[in-house]
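Residues per chain are reported as follows:
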Amino acid sequence: MCEVTIVIPNYKGKEYLFSCVKSLYEKDQTEKKILIIDNASNDGSIEEVVKEYPEVECVMLDKNYGFCRAVNIGIEKTDTPYVILLNNDTVIKDNYVKYLLDSIKKDPNIFSVEPKMIQYHDPSKIDSAGTYYNALGWAYAYGKDKSVKKYNNIRKIFATCGGASIYRKKVFEEIGMFDEKHFAYLEDIDVGYRARIAGYDNLYEPKSEVIHVGSAASGARYNEFKVKMSSRNNVYLIYKNMPLLQILWNAPFLVAGFGLKALFFTKKGFGREYVAGLKNGITISRKNRDRKFKADSGRRYIQVQLELYRNLYRLLKK
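Conventions and cut-offs
- Throughout, residues of each chain are indexed from 1 in the direction in which the sequence is written.
- The predicted origin of the model limits local features to residues at a pLDDT of at least 70 and limits the giving and counting of side-chain atom pairs to 80 or more, whereas totals for whole chains, interfaces and linings rest on all residues.
- Hydrogens are left out, water is left out, and the side-chain values use all remaining heavy atoms of the structure.
- Each helix corresponds to a stretch of at least 4 residues labelled H or I by DSSP, and each strand to a stretch of at least 2 residues labelled E; elements are numbered beginning at the N terminus.
- Both definitions apply: the radius of gyration is a C-alpha atom measure, and the globule rule equals 2.2 Å times residues to the power 0.38.
- Burial classes: relative accessible area under 20% of the type maximum marks a residue as buried, over 50% as exposed, and values in between as partly exposed (1.4 Å probe, protein chains only).
- Whether two residues are in contact is decided by their heavy atoms, any of which lying within 4.5 Å being enough.
- The rule for a disulfide is simple: a pair of cysteine sulfur atoms within 2.5 Å.
- Put simply, buried Ala, Val, Leu, Ile, Met, Phe, Trp, Tyr and Cys residues joined by side-chain atoms within 4.5 Å make one nonpolar core.

Asks: Now, about the overall build of the protein chain: what can you tell me, with residues and values included?
Replies: When helices and strands are counted, the protein chain shows 10 helices and 12 strands. A globule of 318 residues ought to have a C-alpha radius of gyration of about 20 Å, and the protein chain, at 19 Å, matches this closely. Principal-axis analysis of the C-alpha atoms places the extent of the protein chain at approximately 55 × 40 × 40 Å. Considering the protein chain as a whole, with its 318 residues, one finds that 55% of them fall into the buried category. Of the contacts formed within the protein chain by residues at least 6 apart in sequence, a portion of 77% connects residues at least 24 apart.

Asks: Describe the state of the cysteines, with residues and values.
Replies: Taken as a whole and assessed by the stated rule, the structure comprises zero disulfides. This cysteine, Cys2, is not joined by any disulfide, and Cys58 carries the nearest cysteine sulfur, 16 Å off. The cysteine Cys161 is free of any disulfide, with Cys68 supplying the nearest cysteine sulfur at 13 Å. When its relative accessible area of 16% is taken as the criterion, Cys161 is described as buried.

Asks: For the nonpolar core, give the residues involved together with the corresponding values.
Replies: Tyr133, Phe158, Ile189, Tyr193, Phe258, Tyr274 and Leu308 are the most contacted members of the largest nonpolar core, which totals 37 residues. Only β8 (131–133), α6 (187–197), α7 (224–241), α8 (244–268), α9 (271–287) and α10 (298–317) provide two or more residues apiece to this core. For this core, the leading source of residues is α10, giving five residues. In contact with Tyr133, other than residues within four places in its own chain, are Trp138, Ala139, Phe158, Ile189, Tyr193, Asn234, Leu237, Ile238, Leu308 and Asn311. In terms of nonpolar packing, the next biggest core, distinct from the first, is built from 30 residues, Leu17, Cys20, Val113 and Leu203 among them.

Printed below as a string of structure tokens:
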């Protein structure tokens, strides 16, 4: 019985997509379905894959709807209990799927599991060893640029990277799908945050490994689009997931966090884009006043708040 579908969102992935799919067949013998959701690439990347692997299912969209819409379509089309979301700029290592499946099946309270993500351009370094969010309003990949020889212990993390992680499909029915207003960036933090509020866990599984190029669709590590969208989505994420009292409680941290980021991106030449993103975040937050907080989830909000403090300490310590 096939238990997992691998959903690959694709946008002009000619340089990477074929290698990604090829590795899934060559490096892991776990029974799986592969579903590519293409955001109107028109670069021949889909044709190249289908020619060699006709069993791969493809959904062709009429325009670029972004990461969130693409993966939501993929998740909705799957009929397996687990879904792996995999970026097209990745190459898996041996038994990547098997290790993720083994890990998530250990406990029904686990929503998602992130593998050890390794940098493509320097395979001796970590790209992500777990995704965290802290009281400053900063999301970060733990272990980034550190040695791959470290970070070999399974542990709970705040959220999982949407570029290579496995998810328990039925939990989406409870907490909702990826928020398409994000379009791209921090949507994985948002869905992981909602899972934590609902009482589910997210894990890091180091035995499962994937090599990741990073920013293949948008360009460099920092660019105008990424900086503006990330700052916008961060404001929206906070508004959605924190009750008003929690926002006020964290206000000194958040002001400091956004201020430091503004200085950082100003030095990088993207200060104007960062501030514009913050303004856009306030705008979309005002337009979407459908936040729903459950009175019986008060204990979980406190647990999450303590986690935000611990994650800040973890960031400072590293």
